[in-house]
Amino acid sequence: MALRDLAYTHSDFPYLVFYPGGKKNKAVRSIPNKVRKESLSRIHTIIERLVGRLSIKEIDSLQRFLQLDGRSLLPVLLDKEGELYHGGLVKPELFLFRTFSREHGIPIHKEYVFETKISMMSNEQLEKLVESLIQQYTYCAYIHETSHAEWIRDLEERFEQHPLVLFAHSKREELQAVERMNRSNLLSQLKYPEDISFWRHRVEIVMRPFRSIPSDWLWSEGCACEHDKEMYVYSDQEELELYCEICDFSVFLKEETLRLEEEFDIEKAKKRIHTIERQFNEIAEKNDVVLDKIKRLEGIQQKSSRYEMEWNEILLLLKKIQALPKHKGNQPSSPWIDLFRGMEAMKLPKVKHASPLVWLSDVELPHVSMLKRVDEWEGLLHQDVSSELHDLKMELVSYLEGNAMTREEEFTKVNKQSFYWGEVEQVLQFVHDTSGVYPAHTITQVLIGKATNKIRSEQLDKALQFGAMEDWQEKDAMKALKSLEKQGFLRKLQKGFALTDQAVPYIQETT
């Protein structure tokens, strides 16, 4: 409902407009004479003196905000008896960006009410309150001229133009390089640990302004983060707050200036970033041995990529070996496996950067021990690589065949009962075919061949796995499922189980 539909005016108080305050107070019918003579006349007299200070533009804006006609300027809330509702004067945020129901009137929360009694206030105190209130209503009238959604967009755009944010975007590459380098395992391999320690200490100081802003805000592609935000209006301070609950971060707008929760000296921040980059680059120049080894690793990566097909065949065998239920004998190991796994996981910058800090921060080694194996790996690549990889492949095939389990072979024991591999395969197949459909107790009843009414109605007694564990007691079959879960073959769902990646090689796809 529009505010004007709830408004009530009185000829004795042309500068006041009355609204029904409180839930289900639908209309103002009359104002008791006692209230008129005491509080309202005092408030109205003060506004008569103050109205001359307002411009025509401010008055028009205020009346548009409250949907008023005539000379009315200030809202007063009355209860069902026509008495002042909690003093009658309320904060303008109550009316901002809101409509009200005809059935519920104007429900009021505590934060909008002044905790005071007008009858107990001196004229000086009341004048100060009313003067402040008129200013607050004028401010909210100005805010009301722009929609809530437009204000949020405006605040987000102003955030993007904040000097610290603009500077961060101009030095994004360097700032992100500092953070990556500060976490890099390569720092442990650089000489002059005292210099490194000092540099990391300075990083904590230099990066504090940028860390004070959530990364979703600072590095977003648009304006601020992508989450929904709330906007709060503080009319007494003439300030807006834009708040993201997910990021737990706010920005504030006052007098056309957007400020962050914590402000920093921008010029000092600029100088510090320049200094910390220069300091690291000086450290890097003293570590030419490490830089050279990284470049040599790049050469190893390029040469090893020629054997991608052979490595993929070996990798497939390694995955099958990893999924073996049991391992007998020592699994074949080889420096070739370390080399190719290392090259696969290693990430190197594709383009040489003028700043060693930026370039080195883009280097990702799964293990810094790779630097110590550069000579070894270069030597390996001088051999007949295809022949060496073929020999390794044959070793893995032999190991895989030697560890294959027969259906009659015992996989484990459950409560002193042998759990044969053939039974395991049947369990895995049934779980695969019915994943997430049946609870654990139904699965065990099918496996032991217990033909309950439910199982017959679901036609589970026709399943190939029905009775696959017919010699088992139901409680032991349940323990068998738990055993497969513990050993990494099954994953518990809200209802029943699902297969893990380890179990996938042992099932047959059904059509």
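Residues numbered from 1 in each chain as written. Predicted model: local features only at pLDDT ≥ 70, side-chain atom pairs only at ≥ 80, totals over all residues. Heavy atoms only, no water.

Engineer: Looking at this structure, I do not really get the overall build of the protein chain. What am I missing?
Structural biologist: Across its full length, the protein chain carries 20 helices and 12 strands. Its C-alpha atoms give the protein chain a radius of gyration of 38 Å, clearly above 24 Å, the size a compact globule of 511 residues would have. Going through the 511 residues of the protein chain one by one, you find that 46% of them count as buried. Pairs at least 24 apart in sequence give 68% of the contacts found in the protein chain among residues at least 6 apart. About 27,800 Å² of surface is accessible on the protein chain, with carbon and sulfur atoms providing 47% of the total. With 71 positive and 83 negative side-chain charges, the protein chain shows a separation of 4 Å between the mean positions of the two kinds. (Helix = DSSP H or I, 4+ residues; strand = E, 2+ residues; numbered from the N terminus. Rg over C-alpha atoms; globule rule 2.2 N^0.38 Å. Buried < 20%, exposed > 50% of the residue type's maximum accessible area, 1.4 Å probe, protein only. Contact = heavy atoms within 4.5 Å. Areas by Shrake-Rupley, 256 points an atom, 1.4 Å probe, with all protein chains shown as cover. Lys, Arg positive; Asp, Glu negative; His and termini not counted. Charge placed at Lys NZ, Arg CZ, Asp CG, Glu CD.)

Engineer: What exactly am I supposed to notice about the side chain of E160 here?
Structural biologist: Secondary-structure assignment places E160 in helix α4 (residues 148–160). An unpaired buried charge is present at E160: no salt bridge exists, and R172, the closest side chain of opposite charge, is 8.5 Å distant. (Salt bridge = Lys/Arg side-chain N within 4 Å of Asp/Glu carboxyl O.)

Engineer: Would you take a moment to explain a negative patch on the surface for this structure?
Structural biologist: Taken together, the side chains of D228, E230, E245, D248 and E261 present a region of like negative charge at the surface. Mapped onto the secondary structure, E245 falls in the loop between β6 (239–244) and β7 (249–254). (Patch = residues over 30% accessible without salt bridge, like charges linked within 9 Å, V, L, I, M, F, W, Y side chains within 5 Å.)

Engineer: What is the right way to look at the pairing of strand β3 (residues 74–78) in this model?
Structural biologist: The side chains of a regular strand alternate, first on one face of the sheet and then on the other. Summarising burial for β3: 5 of the 5 residues are buried, a large majority. Side chains L74, V76 and L78 of β3 all project onto a buried face; the interleaved residues P75 and L77 project onto the opposite face, where all are buried too. One ladder, built from 5 bridges, connects strand β1 (residues 16–20) with β3; its direction is parallel. Following the sheet pairing, L16 is matched in β3 by L74. (Pairing = 2+ DSSP bridges.)

Engineer: Just checking my understanding: could you explain the side chain of T442 for this structure?
Structural biologist: Of note, T442 is situated in helix α18 (residues 440–448). Those residues in contact with T442 that sit more than four places away from it in its chain are K454, I455 and L460.

Engineer: What am I meant to see in the pattern of salt bridges here?
Structural biologist: Opposite charge on two side chains lets them pair, provided their charged atoms get close. Going through the model one piece at a time under the given rule, you end up with 28 salt bridges. With a shortest N-O distance of 3.1 Å, E282 and R278 are connected by a salt bridge. A residue pair is termed a helical-turn pair when its members lie 3 or 4 positions apart in one helix, as E282 and R278 do in helix α10 (residues 266–285) at 4 residues. In this structure, the salt-bridge partner of R296 is D292, at a minimum N-O distance of 3.9 Å. One end of the pair is R296 and the other is D292, both in helix α11 (residues 288–304) and 4 residues apart, which spans about a single turn. Because the salt bridges share partners, they merge into one network encompassing D292, R296, D375 and E378.

Engineer: Mind showing me how you'd approach the environment of Y506 here?
Structural biologist: Summarising the element assignment, Y506 is placed in the segment after β12 (497–499). Separated by 183 residues in sequence, Y506 and A323 place their C-alpha atoms 9.1 Å apart. Sequence-distant contacts of Y506, that is, excluding residues within four places in its chain, are made with A323, L324, P325, W421, L428 and F489.

Engineer: What's the story with unusual backbone geometry in this structure? I'm lost.
Structural biologist: Glycine aside, the phi torsion of most residues is negative, and most peptide linkages are trans. A positive phi angle, near 60°, is found at A224, a position not held by glycine. On the secondary structure map, A224 appears in the loop between α9 (215–218) and β5 (230–234). Here E255, not a glycine, exhibits a phi torsion of approximately 50°, which is positive. Relative to the elements of secondary structure, E255 occurs in the loop between β7 and β8 (257–260). For E255, a relative accessible area of 68% translates into the label exposed.

Engineer: Where do I start with the sheet that holds β7 in this structure?
Structural biologist: In a beta sheet, neighbouring strands pair by backbone hydrogen bonds and run either parallel or antiparallel. Within the open sheet, the 4 strands sit side by side as β5-β6-β7-β8. Their pairing is antiparallel. The open sheet has two edge strands with one neighbour each: β5 and β8. Direction aside, the axes of adjacent strands within the sheet are offset by 25° on average. Bridge count for β5 against β6 is 5 bridges, and the pairing is antiparallel. Looking at the pairing, E230 lines up with Y243 of β6. (Axes fitted to C-alpha atoms, helices over the stretch in contact; angles between N-to-C directions.)

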